[in-house]
Amino acid sequence: MSRPTEMTIAQAGGLHAWLMSEHPSSRRQAALGRAYGGWRSFARNRLALLGLLIVLALVGVAIFANQLAPFSPFEGDLRSTRLLPPSLTNWLGTDDQGRDILSRLIFGSRITLFVVFLVAVLAAPIGLLVGTVAGYAGGWVDATLMRITDIFLAFPRLILALAFVAALGPGIENAVIAIAITSWPAYARLARAETLTIRQTDYIAAVQLIGASPWRIVFRHIMPLCVSSVIVRVTLDMAGIILTAAGLGFLGLGAQPPSPEWGAMIANGRQYVLDQWWVAAAPGAAIFLISLAFNLLGDGLRDALDPKGGK
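First, a word on what this report is: a plain description of the structure on this page. (Residues numbered from 1 in each chain as written. Predicted model: local features only at pLDDT ≥ 70, side-chain atom pairs only at ≥ 80, totals over all residues. Heavy atoms only, no water.)

Moving on, we get to the environment of Leu243. Among the structural elements, Leu243 can be located in helix α11 (residues 214-250). In this structure the C-alpha to C-alpha distance between Leu243 and Trp262, which are 19 residues apart in sequence, comes to 9.9 Å. Filtering out sequence-adjacent residues up to four positions away, Leu243 remains in contact with Ile287 and Ser291. (Helix = DSSP H or I, 4+ residues; strand = E, 2+ residues; numbered from the N terminus. Contact = heavy atoms within 4.5 Å.)

Rendered as structure tokens:
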């Protein structure tokens, strides 16, 4: 009699039972089971689901900005549409250049996602590499890398980012580089703490006994175990990254006019905040909503990906 396939077992006992089996018959079943269990843990957090929906909505708005924006984000009419209050035509009003604020917010979502994505891509791998190497190597390597990390941690993120942008020059690309440079130390500290625990396990000792090189142990066996914690920390840091980028834009060191960057839009509307409050309130509300969404999403991911924090 032939051995039953995974699909046959799943059909016979139910997909849920197959995914949640305590004795998976293959790596594929084990991986799918872990993913399914993580999703169930995440889905139990309603606020995390709300945060995920808001983030997905932001991604959709950024992708379809050309179709969703009712007007051009760069063009306005100073004679007839300057500083108009919210109405059926301009849902969020217009700014001092006669440009539709809603359209600028929609196109500004692309800049926000650009900053968040690039900072995560640049800072997280650097912090993960530095932390795992320092934690596994120990000795003078650990001391040197951690003292460099401490130097970066000694300065407030915004102040250090301002210094780097001032040296590199204003612009969204330089702002991304500056934020990434100031963000990686926290991930390095987290990865090092995880590595110090992992390197003492029997699993790592067995890998060493079969002759695996230190670099192979770090890249193939330690880093994958640290990724989930770093992902959670990155997601929780997204709000701070957005606020730092908005702060640089507010000070004129981020995206340059006429780019519809949310921090620059707040700076542009601060002189009208008493009479034409909508000019600054709309981008401020957008920053608040997206920052809150990433915090809620990160909280849900922490419950789903951190086995020590789950119930």
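Scanning the entire structure with this criterion turns up four aromatic pairs. Consider the rings of Trp277 and Trp278, whose centres lie 5.8 Å apart with planes at 80°: the pair is edge-to-face. For Trp278, a relative accessible area of 9% gives the class buried. (Phe/Tyr/Trp six-rings, centres within 6.5 Å; stacked < 30°, edge-to-face > 60°. Buried < 20%, exposed > 50% of the residue type's maximum accessible area, 1.4 Å probe, protein only.)

Here we take up the packing of helix α3 (residues 27-43) against helix α4 (residues 46-63). The interhelical angle for the contact between α3 and α4, taken along N-to-C directions, is 100°, at an axis separation of 7 Å. The pairing of α3 with α4 is recorded here as roughly perpendicular in orientation. For the pair α3 and α4, the contacting residues are Trp39, Phe42 and Ala43 in the first and Arg46, Ala48, Leu49 and Leu52 in the second. For the contact of α3 with α4, the residue count by class is six nonpolar, no polar and one charged. (Axes fitted to C-alpha atoms, helices over the stretch in contact; angles between N-to-C directions. Parallel < 35°, antiparallel > 145°, perpendicular 65-115°, else oblique. Nonpolar A, V, L, I, M, F, W, Y, C, P; charged D, E, K, R; others polar.)

Moving on: helix α7 (residues 139-153). Helix length check: α7 (15 residues) gives 21 Å between terminal C-alpha atoms against 21 Å at 1.5 Å per residue, within 8%. All of the buried residues in α7 are Asp142, Met146 and Thr149. The buried residues of α7 occupy one face: seen down the axis, they fall within an arc of 55°. Across from the buried face of α7, at angles greater than 90 degrees, the exposed residues are Trp140 and Ile151. Tucked into the core, α7 has its buried residues touching α6 (101-137) and α9 (172-198). (Expected span 1.5 Å × (residues − 1). Arc of directions from axis to C-beta.)

Below, the discussion takes up a nonpolar patch on the surface. On the surface, Val59, Ile63, Phe64 and Leu68 cluster together to form a nonpolar patch covering roughly 360 Å² of accessible area. Structurally, the position occupied by Leu68 is in helix α5 (residues 65-68). (Patch = residues over 30% accessible without salt bridge, like charges linked within 9 Å, V, L, I, M, F, W, Y side chains within 5 Å. Areas by Shrake-Rupley, 256 points an atom, 1.4 Å probe, with all protein chains shown as cover. Salt bridge = Lys/Arg side-chain N within 4 Å of Asp/Glu carboxyl O.)

What follows concerns the layout of surface pockets. One simple way to see leftover space: roll a probe sized like a water molecule over the atoms. By volume, the second largest pocket is sized at about 260 Å³. Along the wall of the second largest pocket there are 15 residues; nearest its centre are Leu58, Val61, Trp262, Leu289 and Ile290. Looking at the lining of the second largest pocket, the elements that each hand over two or more residues are α4, α6 and α13 (278-305). Considering every element that reaches the lining of the second largest pocket, the biggest residue donor is α13, with five residues. Classifying every residue of the lining of the second largest pocket gives 14 nonpolar, one polar and no charged. (1 Å grid on protein atoms, 1.4 Å probe; cavity = no way out; pocket = protein on both sides within 12 Å on 5 of 7 lines; lining within 4 Å. Points joined across faces, edges and corners; volume = space filled by probe spheres on them.)

If you look at the biggest cluster of nonpolar residues, it comprises 67 residues, and the most contacted ones within it are Val115, Trp262 and Phe294. Among the secondary structure elements, those contributing two or more residues to this core are α4, α6, α8 (157-168), α9, α10 (202-209), α11, α12 (262-269) and α13. Once you skip the residues sitting within four places of it in the chain, Val115 turns out to touch Ile172, Val176, Ile179, Ile241 and Ala245. Judged by nonpolar contacts, the second largest core, of five residues, contains Ala65, Ala69, Leu102 and Phe107. (Core = buried A, V, L, I, M, F, W, Y, C linked by side-chain atoms within 4.5 Å.)

So, about α4. With 18 residues, α4 extends 26 Å from end C-alpha to end C-alpha; this agrees with the ideal 26 Å at 1.5 Å per step. Within the sequence span of α4, burial applies to Ala48, Gly51, Ile54, Val55, Leu58 and Ala62. One side of α4 carries all its buried residues, which in axial view fall inside an arc of 120°. Seen from the buried face of α4, the exposed residues on the opposite side, beyond 90 degrees, are Arg46, Leu53, Leu56 and Ile63. Tucked inside the fold, the buried residues of α4 contact α3, α5, α6, α12 and α13. Where α4 begins, the capping side chain belongs to Asn45, and its oxygen is found 3.2 Å from the backbone nitrogen of Leu47. (Polar contact = N/O pair within 3.5 Å; in protein donor to acceptor, adjacent residues only side chain to side chain.)

The next subject is empty space enclosed by the protein. As enumerated under the stated definition, the model contains two cavities of 30 Å³ or more in all. Empty space within the largest cavity amounts to approximately 80 Å³. Only α6 and α11 provide two or more residues apiece to the lining of the largest cavity. Looking at the lining of the largest cavity residue by residue, the classes come out as nine nonpolar, one polar and one charged. Quantified by volume, the second largest cavity comes out at close to 40 Å³. Lining the second largest cavity are Val115, Ile172, Ala175, Val176, Ile179, Ala245, Gly254, Ala255 and Glu261. The leading source of residues in the lining of the second largest cavity is α9, at four residues.

Before going further, it helps to examine the pattern of salt bridges. Proximity of charged atoms lets side chains of opposite charge pair with each other. Within this structure, the stated rule accounts for eight salt bridges. A salt bridge links Asp95 to Arg104; the shortest N-O distance between them is 3.8 Å. Since its relative accessible area comes to 3%, Asp95 is described here as buried. Two residues, Arg189 and Asp150, come together in a salt bridge whose shortest N-O distance is 2.5 Å.

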